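# Secondary and tertiary structure notes
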Amino acid sequence: MTMTPGLRKFVLTAHVTSSVGWLGAVVVYLALAVAALTIQDAQTVRGAWIAMELTGWFVIVPLALASLLIGLVQSLSTPWGLFRHYWVMMKFLLTVFATTVLLLHMPTVSYFAGVAAETDSANLSGLRGELLHAGGGLLVLLVNTTLSVYKPRGMTRYGWRKQHERRTVSQA
Amino acid sequence: MADPPPYPESNDDIGVGPDRGSTDVYPGTPRWVKVFGIIALALVLLFVIMLLTDPGRHGPGRHTRSSGPGGYTPPIEHGVQQP
């Protein structure tokens, strides 16, 4: 499956937009957690949980899924492939890992946000876990961004074999 | 701003360097991939050790426990729960 240059640029733009948007949303999420932990005021902590849940479900999760799916389409429809180059494969694995952790973790955020919305109290200790999750997520996204920009050399054994086969066919 | 080509040998943004796989023998796994693998393995080991030493603190179980996430205790009215 191949794409025309125009379509390829469009898909690349969508992928960069969703990925960078995901990174920015995680920074906002982290800022909310840090602010609530620093101020330690009940209203701020409650507000932070509610805002973090909304940011998580309505911004971070859609952007993560969009980034993953668009990246998948892009890799499979260009010569890069999904498992031919180490940097593409690593990006894919890291994105799958980050998205899985995100989807597993969001119900916990919803739980704490629900408590904050329905009662006059909020859980402060849970915010430390948010720092860990959001901080780890941010690190993974920064690694992915770096891999995308630098595209370090290195083909997998599968990629090398495929390229070798293609070259042999073209020379025949 | 136009993206520079990803590899010096290519002139488009999907170009794959012509020297890749140009030899008959697989050149092997690059060093940066090995370093990445070692770091990933160390992080996984660290996570497993954390789980083994304090199983209730983190992990998927934290998200599915019937008593509430993270060993959640009943909220204190009009206040912030301290750890």
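Not measured: the values here are computed from a predicted model.

### Focus on the overall build of chain A
When its secondary structure is counted, chain A shows 5 helices and 1 strand. For chain A, whose C-alpha radius of gyration is 20 Å, the value lies well above the compact-globule estimate of 16 Å for 172 residues. Along the three orthogonal principal directions, the C-alpha set of chain A runs to about 75 × 30 × 25 Å. Every one of the 172 residues in chain A was classed for burial, and the buried ones make up 33%. Intrachain contacts of chain A at a sequence separation of at least 6 include 81% that bridge at least 24 residues.

### Concerning the packing of helix α3 (residues 86-118) of chain A against helix α4 (residues 125-150) of chain A
Residues and elements named next belong to chain A. In contact at an axis separation of 10 Å, α3 and α4 are set at 160° when each is read in the N-to-C sense. Compared by their axis directions, α3 and α4 come out roughly antiparallel. The way α3 lies across α4 gives a crossing that is left-handed. When α3 is examined against α4, the residues W87, M90, K91, L94, T95, A98, V101, L102, H105 and F112 are found in contact with a partner set consisting of G126, H133, G137, V140, V143, N144, L147 and S148.

### Some points on the nonpolar core
All names here are of chain A. Core analysis: the biggest nonpolar cluster contains 26 residues, and Y29, A33, W49, M52 and I60 have the highest contact counts within it. Of all elements in the fold, only α1 (5-39), α2 (42-76), α3 and α4 reach the threshold of two or more residues within this core. A per-element tally of this core places α2 first, with 8 residues. Apart from the residues lying within four places of it in its own chain, the contact partners of M52 are Y29, L32, A33, V109, A113 and E130.

Criteria and thresholds
- Residues numbered from 1 in each chain as written.
- Chains lettered and ligands numbered in written order.
- Predicted model: local features only at pLDDT ≥ 70, side-chain atom pairs only at ≥ 80, totals over all residues.
- Helix = DSSP H or I, 4+ residues; strand = E, 2+ residues; numbered from the N terminus.
- Rg over C-alpha atoms; globule rule 2.2 N^0.38 Å.
- Buried ≥ 20, exposed ≤ 12 C-beta atoms within 10 Å, placed from the backbone.
- Contact = placed C-beta atoms within 7 Å.
- Axes fitted to C-alpha atoms, helices over the stretch in contact; angles between N-to-C directions.
- Parallel < 35°, antiparallel > 145°, perpendicular 65-115°, else oblique.
- Left-handed = near helix turned anticlockwise from the far one by under 90°.
- Core = buried A, V, L, I, M, F, W, Y, C linked by C-beta atoms within 7 Å.

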